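Single-letter residue listing:
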Amino acid sequence: MIKYLAVSTVIVLGIGVVVAAWANRDLIRIKLASVYAREAPKPGAPNLMSSGAIAPMSGDAPWALSALPECLTQVSKSSGSGRYVRAHLPRSAVRVVPPARLSYGDCTISIDDDQAFVRRGADRFRIPPSVQFYRARGEVAMMRETAASVELRIYQPVQP
């Protein structure tokens, strides 16, 4: 008899909690708001937004092509052993033999031996060794091998 009393108590309390939550649903609901707050530039600091004087970026960037959505859109990424990654290379892919130059939008990729240099406007990036590029139907693939693993990124050029 005690176990039936315990079970019925749990059921009644559970229903009570559900009813209380339903009755107070507007109080429980999380409300998010977005506010734009304009802040004046600090004295002595250049106003980069109004002057258009944003400093050019440069450096080693294995991910450089993924950071240029105006030129290429990354559609897949595979990492792991060389055998695993090569299995994800498009079947129609043909290796781009260095030295070579690829252009997509206003981005230029200069392939030199086992490294590449990416240029867009004043920005300059180096994709460190050991990197290889492949072309396939409507795609470009970049395979980069490090001591730890192999990475394959496949991109589609952005249509103007």
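A quick note: this is a predicted structure, and the numbers were derived from the prediction, not measured. (Residues numbered from 1 in each chain as written. Predicted model: local features only at pLDDT ≥ 70, side-chain atom pairs only at ≥ 80, totals over all residues. Heavy atoms only, no water.)

Trainee: Help me understand the sheet that holds strand S1 (residues 58-60) in this model?
Mentor: Overall, mixed pairing links the 5 strands, which are arranged S1-S7-S6-S5-S4 in an open sheet. The two strands at the open ends of the sheet, each matched to only one other strand, are S1 and strand S4 (100-104). Adjacent strand axes in the sheet meet at a mean angle of 15 degrees when their direction is disregarded. As defined by bridge partners, S1 adjoins strand S7 (residues 123-127) across 3 bridges and the pair is classed as parallel. Residue pairing across strands places serine 58 opposite arginine 124, the latter belonging to S7. (Pairing = 2+ DSSP bridges. Helix = DSSP H or I, 4+ residues; strand = E, 2+ residues; numbered from the N terminus. Axes fitted to C-alpha atoms, helices over the stretch in contact; angles between N-to-C directions.)

Trainee: Looking at this structure, how should I read the confidence of the model for the chain?
Mentor: Detailed conclusions should not be drawn from predicted coordinates in areas where pLDDT is low. Averaged over all residues, the pLDDT of the chain is 83; the fraction at 70 or higher stands at 77%. Looking across the chain, the model is least confident in helix H3 (residues 48-51), with a mean pLDDT of 48, and most confident in strand S3 (residues 94-96), with 97. (pLDDT = per-residue confidence, 0-100.)

Trainee: Is there a simple way to think about a nonpolar patch on the surface in this case?
Mentor: Nonpolar side chains collect at one region of the surface, where Val7, Ile11 and Ile15 lie side by side and expose about 280 Å² of accessible area between them. Locating valine 7 in the fold gives a position in helix H1 (residues 2-23). (Patch = residues over 30% accessible without salt bridge, like charges linked within 9 Å, V, L, I, M, F, W, Y side chains within 5 Å. Areas by Shrake-Rupley, 256 points an atom, 1.4 Å probe, with all protein chains shown as cover. Salt bridge = Lys/Arg side-chain N within 4 Å of Asp/Glu carboxyl O.)

Trainee: Whenever I open this one, the state of the cysteines confuses me. Can you help?
Mentor: All told, the structure shown has 1 disulfide when counted by the stated rule. In this model, cysteine 71 is linked to cysteine 107 through a disulfide, with the two sulfur atoms separated by 1.8 Å. Across the S-S bond linking cysteine 71 and cysteine 107, the dihedral sits near 65 degrees, which makes this disulfide right-handed. Of this pair, cysteine 71 sits in the loop between S1 and strand S2 (72-80) while cysteine 107 sits in strand S5 (residues 107-112); the two residues are 36 residues apart in sequence, bridging distant segments of the chain. Cysteine 71 gets classed as buried once you look at its relative accessible area, which sits at 1%. (Disulfide = S-S within 2.5 Å. Buried < 20%, exposed > 50% of the residue type's maximum accessible area, 1.4 Å probe, protein only.)

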